[in-house]
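# Working through the structure, step by step
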Protein chains: 2
Amino acid sequence: MIRRPGIKDVAASAGVSIKTVSRVVNAEEAVHPETRARVLHAIQVLGYVPNTAARSLKSGTGGAIGVVIDSLADPFFAALVSAIETRALAEGLSVLVASSNLDSDQERDQLLSLVAGHQVAGVIFAPVAAEHPYLDAYRTVTPVVAVDRSRAGFDSIVVDDRGATVLAVQQFVDLGHERIAFFDRDQRFSTIERRMSGYLDVLREAGLPFDPELVSETVDGSLDYRSEADRLLGLDRPATAFFASNAKAAIGLTAALHRSHRQHTAMIAFGDFSFADVVRPGVSCIDQDPFLIGNAAFERLLARRESSSDEPREWIVPTALLQRGSGEIPAPVTTSETGTATATETATATATRGGAR
Amino acid sequence: MIRRPGIKDVAASAGVSIKTVSRVVNAEEAVHPETRARVLHAIQVLGYVPNTAARSLKSGTGGAIGVVIDSLADPFFAALVSAIETRALAEGLSVLVASSNLDSDQERDQLLSLVAGHQVAGVIFAPVAAEHPYLDAYRTVTPVVAVDRSRAGFDSIVVDDRGATVLAVQQFVDLGHERIAFFDRDQRFSTIERRMSGYLDVLREAGLPFDPELVSETVDGSLDYRSEADRLLGLDRPATAFFASNAKAAIGLTAALHRSHRQHTAMIAFGDFSFADVVRPGVSCIDQDPFLIGNAAFERLLARRESSSDEPREWIVPTALLQRGSGEIPAPVTTSETGTATATETATATATRGGAR
DNA sequence: ATGAAAGCGCTAACAT
DNA sequence: ATGTTAGCGCTTTCAT
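Given the structure is predicted, the values throughout are model-derived calculations rather than measurements.

What follows concerns the overall build of chain A. A tally of helices and strands in chain A yields 12 helices and 12 strands. Taking 357 residues into account, the globule formula puts the C-alpha radius of gyration at 21 Å, and chain A, at 26 Å, lies well above it. Projected onto the principal axes, the alpha-carbon positions of chain A cover approximately 95 × 40 × 35 Å. Entry remark: accessible area of chain A is about 16100 Å², with carbon and sulfur atoms responsible for 53%. Chain A carries 35 positive and 45 negative side-chain charges, and their two centres are separated by 8 Å.

If you want it as structure tokens, here you go:
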């Protein structure tokens, strides 16, 4: 017979009832040690593995959690899922991954498939749509946590976009820069808009004028990083420092600067990337740690399983500014030097990180 | 009531029996168009999503496939899973991911959990252990495909390790190199051993002596790439060309060469990495396309579902040698030049690839 | 073209 | 401490 062993086979083999087997498997109540041993032996011999389908059919909630992210091809999200998977494994849960590809419809299909179809024990997702009303019917039974982007009504794990940007741009100001570029604004993403607001705040407080020419903007989803970098460097009063608003832009900018032999231009990137510490000078980065975010999200999921009572809120995960060289380059000396001489010590957490991935 | 709608609710709402609803959902046989329309309407209104647990309990095989890989934190495997996920989505299947972390026991636990516990419709895995006898009981019902590393008895999707290495090392020989380093041999991995054998074959055919000093070897899982590179460059007769046997070694080697200002040393890497085309010169790579491998694996899984009859075999996915500069650097001219002058045209497929990831 | 009833493997009452 | 029984939501015979 090719039929896989079921609880009945174990029961028969151990000479007990199926309920006793169930009790042993689920570590329920007290089973006589001798009986338990016999059952465990039978399980071993037969190679019995409980059928999760039957289990979740009965209990209404399964042995897997669902994760919906932009795309697994994005290293940040891949690392995020990896962190979640590690935690899930320890908890005896499996992980169902699905990509939204930043499409609201696909996001809806994937979420419903997980929550209604697979009856997952919880969902962690990087929200795309502004609202997710279709989840309402399930949220009483399935905890849902948002990551990377915040959504009202959900526990949301995010990094302090605005605050981290403030520290980075302030560092440029302290180094005497007056022409600071915001490289790749994209109004479709609220996280990037929050970084933009931090940028503006620092300029205002420092008394520096805001120059729209210093902002590169992605329109219709595309921006040629190379020519955009050339434009900023070719202005009458060129940019002397670059804040790259996301890892993709940072990679493009780094490549562009290297190709134009301008790699000694000051630069800080939001988001770490694999070769940031390989190129010279190293690219200073705001480190958005996917493991920290993944762990926090999983933690929230577990907490929600216990008490679904308390109000959902935003959970802010700390970032670090990795000083690798490119962010510490001072402004070139100009004839009309007006910058203050007070080189304020930044309160930024600093760290170095070895081993490129 | 917070109960999610079931097939019964749909049946009641549409005024038909549950079997008719089942038929509509599964696109079975011919249902009267009018009836079908009524059922579809009811499904729409109620937001009905079939319960996969019940479905797989009944049918014995579920709506998900399982993928077990080394680690999602490895960009190659993340991209591989991404490719698989895309294909699965089109087929209406979900993806359960699990990591082995290169541990045989964990591999076994994960595989059994997927196959016996979740009753997945198929498994794609990057094998760790040499044998997987515990899968035998399930393979008649669950198709299993190996990727990246080959295993007898399984359909295995691999790239032509030896052949691709031969092309790369031959290119060095054609450019006059006589001191070619094999950077990072690791005897634990059969793929890397196959690359090693290709390296040896080229040397033998070219009449070049094999010098063990030119082989860097990972022992006990660790190798300091930087000092190892220095050693090879500091030999009495130093290495003039490097074959990096894997992406991790390639990253370490690139960093080491740049730090020592030796970036104009000839180098070809097995496996592409994100900044290979950003540094100068670009690092020539043997491109091991995860999307190609993922697609081939999924294809095999589907084929196995149809006919499990034919003998499992190895499926070799093509590679390309991406000429980016570092692999085309000729040997420095020496006083005792003995190399033939015939610069053989290589049969290598060449391509350029834009956009660093 | 449609329906009734049995049962997949397990857990949760409710015995004993 | 252990056993009996019902039923989760669906698909699958077998009728009609």
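Our next topic: the protein's contact with DNA strand C. Inspection of the region around DNA strand C gives 25 residues, with Ile7 and Tyr48 of chain A together with Thr20, Thr35 and Lys58 of chain B positioned closest. Of all DNA strand C atoms lying within 4 Å of any protein atom, the proportion belonging to sugar or phosphate reaches 57%. For DNA strand C, a phosphate oxygen lies 3.2 Å from a polar atom in the side chain of Asn26 of chain A. Looking at the surface near DNA strand C, the elements that each hand over two or more residues are helix H2 (18-25) and helix H4 (52-59) of chain A together with helix H2 (18-25) and helix H4 (52-59) of chain B. Of the residues that constitute the surface near DNA strand C, the class distribution is 9 nonpolar, 8 polar and 8 charged.

Turning next to the sheet that holds strand E8 (residues 241-244) of chain A. All names here are of chain A. A sheet is described by the order of its strands in space; here 6 strands give the open sequence E7-E6-E8-E9-E10-E12, paired in mixed fashion. Lying at the two open borders of the sheet, with one neighbouring strand each, are strand E7 (215-217) and strand E12 (320-322). Neighbour to neighbour, the strand axes of the sheet diverge by 15° on average, direction disregarded. By the bridge criterion, 3 bridges tie strand E9 (residues 266-270) to strand E10 (residues 284-287) in an arrangement that is parallel. Among the inter-strand pairings, Ala269 is bridged to a residue of E10, identified as Cys285. Against the sheet, helix H9 (residues 190-206) engages strand E6 (180-185), E7, E8 and E9, with an angle of about 165° to E6.

Let us look at the protein's contact with DNA strand D. What surrounds DNA strand D is a group of 24 residues, the closest being His32, Thr35 and Lys58 of chain A together with Ile7 and Lys19 of chain B. Across the atoms of DNA strand D situated within 4 Å of the protein, the share located in sugar and phosphate is 54%. Within the backbone of His32 of chain A, an N or O atom sits 2.6 Å from a phosphate oxygen of DNA strand D. Within the side chain of Thr35 of chain A, a nitrogen or oxygen atom sits 2.5 Å from a phosphate oxygen of DNA strand D. Of all elements in the fold, only H2 and H4 of chain A together with H2 and H4 of chain B reach the threshold of two or more residues within the surface near DNA strand D.

Our focus in this paragraph is the relation of the copies chain B and chain A. When chain B is fitted onto chain A, the two copies agree to an RMSD of 0.2 Å after a turn of 180° and an axial shift of 0.0 Å. Given the turn and translation reported, the copies of this chain are related as if by a two-fold rotation axis. Counting the interface residues of chain B, we find that 98% of their copies in chain A are interface residues as well, pointing to one common contact surface.

Our focus in this paragraph is the interface of chain B and chain A. Frequently, the measure chosen for interface size is the accessible area that the parts lose on association. Tallying the contact residues gives 57 residues for chain B and 56 residues for chain A. Carbon and sulfur atoms make up 56% of the surface buried where chain B meets chain A, a total of about 4600 Å² over both sides. Between the two partners, chain B and chain A, sit 0 salt bridges. The interface formed by chain B and chain A contains 12 residue pairs in polar contact (both at pLDDT 80 or more). Of all the secondary structure elements, the ones that give two or more residues to the side of chain B that touches chain A are H4, helix H5 (75-90), strand E2 (94-99), helix H6 (104-117), helix H7 (136-139) and helix H11 (247-259) of chain B. Per element, the largest residue contribution to the side of chain B that touches chain A is 7 residues, and it comes from H6 of chain B.

With that out of the way, let us pick up the packing of H2 of chain A against helix H3 (residues 33-46) of chain A. All names here are of chain A. Contact geometry for H2 and H3: axes closest at 10 Å, N-to-C directions at 85°. Between H2 and H3, the angle falls in the class roughly perpendicular. Seen from H2, the contacting residues are Thr20, Val21, Val24 and Val25; seen from H3, they are Thr35, Arg36, Val39, Leu40 and Ile43. Grouping the amino acids of the contact of H2 with H3 by side-chain chemistry returns 6 nonpolar, 2 polar and 1 charged.

Calculation notes
- Residues numbered from 1 in each chain as written.
- Chains lettered and ligands numbered in written order.
- Predicted model: local features only at pLDDT ≥ 70, side-chain atom pairs only at ≥ 80, totals over all residues.
- Heavy atoms only, no water.
- Helix = DSSP H or I, 4+ residues; strand = E, 2+ residues; numbered from the N terminus.
- Rg over C-alpha atoms; globule rule 2.2 N^0.38 Å.
- Areas by Shrake-Rupley, 256 points an atom, 1.4 Å probe, with all protein chains shown as cover.
- Lys, Arg positive; Asp, Glu negative; His and termini not counted.
- Charge placed at Lys NZ, Arg CZ, Asp CG, Glu CD.
- Near = heavy atom within 4 Å.
- Polar contact = N/O pair within 3.5 Å; in protein donor to acceptor, adjacent residues only side chain to side chain.
- Nonpolar A, V, L, I, M, F, W, Y, C, P; charged D, E, K, R; others polar.
- Pairing = 2+ DSSP bridges.
- Axes fitted to C-alpha atoms, helices over the stretch in contact; angles between N-to-C directions.
- Contact = heavy atoms within 4.5 Å.
- Least-squares fit on C-alpha atoms with pLDDT ≥ 70 in both.
- Buried area = accessible area lost by both parts, 1.4 Å probe.
- Salt bridge = Lys/Arg side-chain N within 4 Å of Asp/Glu carboxyl O.
- Parallel < 35°, antiparallel > 145°, perpendicular 65-115°, else oblique.

Taken by themselves, the reported measurements are silent on function.
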